[in-house]
Amino acid sequence: MRLQLLAIGRLKAGPERDLLERYRTRLDGLARQHGLSALDIVESPEGRERSAAARLRGEAAFLLGRAEGALLVAFDERGAALSSDEVAGRL
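Cut-offs used in this document
Residues numbered from 1 in each chain as written. Predicted model: local features only at pLDDT ≥ 70, side-chain atom pairs only at ≥ 80, totals over all residues. Heavy atoms only, no water. Helix = DSSP H or I, 4+ residues; strand = E, 2+ residues; numbered from the N terminus. Buried < 20%, exposed > 50% of the residue type's maximum accessible area, 1.4 Å probe, protein only. Contact = heavy atoms within 4.5 Å. Areas by Shrake-Rupley, 256 points an atom, 1.4 Å probe, with all protein chains shown as cover. Salt bridge = Lys/Arg side-chain N within 4 Å of Asp/Glu carboxyl O. Polar contact = N/O pair within 3.5 Å; in protein donor to acceptor, adjacent residues only side chain to side chain. Phe/Tyr/Trp six-rings, centres within 6.5 Å; stacked < 30°, edge-to-face > 60°. Lys NZ or Arg CZ within 6 Å of the ring centre and 35° of its normal.

Here's the deal with the overall build of the chain
Helix and strand counts for the chain come out as three helices and two strands. Listed by position from the N terminus, the elements making up the chain come as β-α-β-α-α. Seen through its C-alpha atoms, the chain measures out along the principal axes to roughly 45 × 30 × 25 Å. When each of the 91 residues of the chain is scored for burial, the buried share is 16%. Considering only contacts in the chain between residues 6 or more positions apart, those separated by 24 or more positions represent 66%. Counting only carbon and sulfur atoms, one obtains 55% of the accessible surface of the chain, whose full area is about 7500 Å².

Looking at the pattern of salt bridges
By the definition in use, this model includes three salt bridges. The closest approach of N and O atoms between Arg-17 and Glu-43, which form a salt bridge, is 3.0 Å. Separated by 26 residues along the polypeptide, Arg-17 in helix α1 (residues 15-33) and Glu-43 in strand β2 (residues 39-44) bring together distant segments of the chain. For the pair Arg-17 and Glu-43, a shared accessibility class is recorded, and that class is buried.

Re the side chain of Glu-43
Only 2.9 Å separates the side chain of Glu-43 from the backbone nitrogen of Leu-11, close enough to count as a polar contact. Contact partners of Glu-43, with chain neighbours within four places excluded, come to Ala-7, Gly-9, Arg-10, Leu-11 and Arg-17.

Remarks on the packing of aromatic side chains
Within the structure shown, the criterion is met by zero aromatic pairs. Taking NZ or CZ as reference, Arg-22 lies 6.0 Å from the ring centre of Tyr-23, over its face.

Here it is as structure tokens:
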């Protein structure tokens, strides 16, 4: 099984990038133990269209194009907060 994290926007160098790399390293070790691929992080630049609707359509096309045939889990800061156990249970 292949694991991908698809993201809109690019994460710059700094504490957030360092934390992401730390968790990716930890996940890679666990994934291999369970027959999964290492985590592949794919970042897309934010859309540059004038209207928010057009930007969202372009970003959605990127995400759906990369996730075709896959189990898709979307996270949105406006969504409900879930605990780690709840996220794991849903996956």
